[in-house]
Amino acid sequence: METIINFLYYSIRMGTPLLFGTTGEVVTERSGNMNLGVEGMMAMGAIGGYCAACYSGSLLVGILAAFCSAALGALIYAFLTVSLQANQNVTGLALTIFGNGVYLFVGRSLAKAGKFPLLSNYPDLAEKVMDKGIPVLRDIPYIGKLLFSYNIFVYVAIVVAIIMWVYVMRTKTGLRLRAVGENPGAADACGVNVNRTRYINIVLGGGITGLGGLYLAFVINGGSWNEFWINGMGWIAVALVIFANWNPMKAIFGSFFFGMFNVLMAWKGNLSATFPRVLGWLRLIPDEFYQLLPFLITALVLVFASVSKKKKSAEPAAVGVNYFREER
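Throughout what follows, the structure given in this document is the object of discussion.

So, how was this worked out
- Within each chain, residue numbers correspond to sequence positions counted from 1 in written order.
- Predicted model: local features are reported for residues with pLDDT of at least 70 only, side-chain atom pairs are reported and counted for 80 or more only, and whole-chain, interface and lining totals are derived from all residues.
- Here the side-chain values reflect all heavy atoms present in the structure, with hydrogen atoms and water set aside.
- Each helix corresponds to a stretch of at least 4 residues labelled H or I by DSSP, and each strand to a stretch of at least 2 residues labelled E; elements are numbered beginning at the N terminus.
- A radius of gyration in this sense is built from C-alpha atoms; the matching globule rule multiplies 2.2 Å by the number of residues raised to 0.38.
- Think of it in three bands: with a 1.4 Å probe and only protein chains considered, a residue is buried below 20% of the maximum accessible area for its type, exposed above 50%, and partly exposed in between.
- When checking whether two residues touch, look at their non-hydrogen atoms; a contact exists if any pair is within 4.5 Å.
- All accessible-area figures derive from a Shrake-Rupley calculation using a 1.4 Å probe, and residue coverage is judged against the displayed protein chains alone.
- Charge assignment in this entry is limited to Lys and Arg as positive and Asp and Glu as negative, and neither His nor the chain termini are counted.
- Note that the charge is assigned to NZ on lysines, CZ on arginines, CG on aspartates and CD on glutamates.
- Just to be clear on terms, a salt bridge is a Lys or Arg side-chain nitrogen sitting within 4 Å of an Asp or Glu carboxyl oxygen.
- Any pair of Phe, Tyr and Trp rings, taking the six-membered ring for Trp, is counted once the centres come within 6.5 Å. Such a pair is stacked with planes under 30 degrees apart, edge-to-face with planes over 60 apart, and tilted for the rest.
- Charge-over-ring contacts are defined here by two conditions on Lys NZ or Arg CZ: a distance within 6 Å of the ring centre and an angle within 35 degrees of the ring normal.
- A residue's bend is the angle separating two fitted axes: one through the seven residues that end there, the other through the seven that start there.
- Identification of polar contacts relies on pairs of N or O atoms within 3.5 Å, with a donor-acceptor requirement for protein atoms, meaning one able to donate a hydrogen and the other able to accept it, and with residues adjacent in sequence counted only if both atoms are side-chain atoms.
- Working convention: axes come from line fits to C-alpha atoms, limited for helices to the stretch in contact. Angles between N-to-C directions cover 0 to 180 degrees.
- Convention used here: angles under 35 degrees read as roughly parallel, angles over 145 as roughly antiparallel, angles from 65 to 115 as roughly perpendicular, and any remaining angle as oblique.
- The sense of a crossing depends on the near helix, which, turned anticlockwise from the far helix by less than a right angle, makes the crossing left-handed and, turned clockwise, makes it right-handed.
- Only Asp, Glu, Lys and Arg are considered charged, only Ala, Val, Leu, Ile, Met, Phe, Trp, Tyr, Cys and Pro nonpolar, and every remaining residue, Gly among them, polar.
- Patch building starts from residues that exceed 30% relative accessible area and form no salt bridge, then joins like charges within 9 Å and nonpolar side chains (Val, Leu, Ile, Met, Phe, Trp, Tyr) within 5 Å.

**Considerations on the overall build of the chain**
So, step 1. A tally of helices and strands in the chain yields 14 helices and zero strands.
So, step 2. Reading the helices (α) and strands (β) of the chain from amino to carboxyl end gives α-α-α-α-α-α-α-α-α-α-α-α-α-α.
So, step 3. Taken against the 2.2 N^0.38 rule, which gives 20 Å for 328 residues, the C-alpha radius of gyration of the chain at 20 Å falls within 12% of a compact globule.
So, step 4. The principal-axis extents of the C-alpha atoms in the chain amount to approximately 65 × 50 × 40 Å.
So, step 5. A total of 328 residues make up the chain; the buried ones form 49% of that total.
So, step 6. The contacts in the chain between residues at least 6 apart in sequence include a share of 78% that link residues at least 24 apart.
So, step 7. Only carbon and sulfur atoms are counted for the fraction: they give 66% of the accessible area of the chain, which is about 15500 Å².
So, step 8. Here the chain contributes 25 positively and 16 negatively charged side chains, and the mean placements of these two sets differ by 6 Å.

Quick look at the structure:
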């Protein structure tokens, strides 16, 4: 039982950046815009938020900086696609290249100059991102480890996803948002400002994805500079939007489920030893396959979504389509 609890615990930790990315992209796509620049926005949020947190000594400043850095990338995307009517897919891909370029430029420049801030030099900040959990509750056998022993980012991600679910599904503003994503012409005829709605939610969704990048910088990479902080997480988050059926609440479970695939390689030995008859075969699979597995599952989700005729799909009808008011 302890092995299973620990495996699930690390799966949730690894799934947290996916939850930020998926939640942000759900909000964006609900407005009718498909932003494929999640990877780039997470990269901008990672480097911007991490450096701001270290230089200021404040985690809150880092969170705000990560949100604003990614939101800036989303704002550029919104200007190009909403105001200039640029192709959404091409613009999103360009944003990924741009965001990763900013991340590499800043990181390499600081590392080359010997000025990259190491988290080990900021003990107070490092303590704030440790898995300290919730006092008393974390001591409950099994449940405490699984539910109440995480760092602050895990709980923030879950709270943000719940708030976004309430916002999208249970508020008048969210109803207008969904109307814009389904039929912007009809929403416009009812007095909804389509462009303003899209701008606000694209920027909001982009900012949320930036928090996932900050989590990767602090928790997964421990503030140690390398060129692979994001490492494809943004692309998995884009596919998870489909897996979660454009629902922030379902994104919670989907993200943690995909987190299992990201930690399976490190845990295959423990799982095989604990359950030799059932999972002993895990040791026989090469490590390279486990590294491939999250992306393989992502590809399968996309293939299944493209060939499936699900009547209950919540995909916004106008997602990926620019709105020309003159053609209404």
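What follows picks up the thread again.
**Quick word on the pattern of salt bridges**
So, step 1. With the rule as written, the count across this model stands at three salt bridges.
So, step 2. Linking Asp131 and Arg13 is a salt bridge whose minimum nitrogen-to-oxygen distance equals 2.6 Å. In this pair, Asp131 sits in the loop between helix H5 (123–128) and helix H6 (143–147) while Arg13 sits in helix H1 (residues 2–30), placing the two residues 118 residues apart along the sequence.
So, step 3. By relative accessible area, which is 29% here, Asp131 ends up partly exposed.
So, step 4. Assessed through its relative accessible area of 15%, Arg13 is described here as buried.

**Points about the packing of aromatic side chains**
So, step 1. Taken as a whole, this structure holds 21 aromatic pairs when the rule is applied.
So, step 2. On the basis of an interplanar angle of 25° and a centroid distance of 6.5 Å, the ring pair of Phe153 and Phe218 is categorised as stacked. With Phe153 in helix H7 (residues 152–170) and Phe218 in helix H10 (residues 194–220), this residue pair connects regions lying 65 residues apart in the sequence. Phe218 carries the same exposure label as Phe153, and that label is buried.
So, step 3. Ring plane angle 75° and centroid distance 6.2 Å describe the contact between Phe289 and Tyr290, whose orientation is recorded as edge-to-face.
So, step 4. A connected cluster of aromatic rings, assembled from ring pairs, spans Tyr50, Tyr103, Phe116, Phe153, Tyr215, Phe218, Trp225 and Trp229.
So, step 5. Over the aromatic face of Tyr9 sits the side chain of Lys145, whose NZ or CZ is 4.1 Å from the ring centroid.

**Brief notes about helix H12 (residues 248–274)**
So, step 1. The sharpest bend along H12 measures roughly 70° and falls at Ala266.
So, step 2. Where H12 begins, one side-chain oxygen reaches toward the backbone nitrogen of Met249, 2.9 Å away; that side chain belongs to Asn247.

**Considering the packing of H1 against H7**
So, step 1. Orientation of H1 relative to H7, taken along the N-to-C sense of each, is 25°, at an axis distance of 9 Å. With respect to their mutual orientation, H1 and H7 come out roughly parallel. Classified by chirality, the crossing of H7 by H1 is left-handed. Two secondary-structure elements touch here, H1 through Ile12, Thr16, Leu19, Phe20, Thr23, Val27 and Arg30 and H7 through Phe153, Val154, Val156, Ala157, Ile158, Val160, Ala161, Met164, Val168 and Met169.
So, step 2. A breakdown of the residues in the contact of H1 with H7 according to their chemical character gives 14 nonpolar, two polar and one charged.

**Some thoughts on a nonpolar patch on the surface**
So, step 1. Residues Met1, Ile4, Ile134, Leu137, Ile140, Tyr142, Ile143 and Leu147 make up a contiguous nonpolar surface patch of about 690 Å² in total accessible area.
So, step 2. Looking at where Leu147 falls in the secondary structure, it is placed in helix H6.
So, step 3. On the accessibility criterion, Leu147 (44% relative accessible area) is partly exposed.

**Quick notes on the side chain of Asn245**
So, step 1. For Asn245, the location among the structural elements is in the loop between helix H11 (233–243) and H12.
So, step 2. In this structure the side chain of Asn245 is engaged in a polar contact, spanning 2.9 Å, whose partner is the backbone nitrogen of Ala314.

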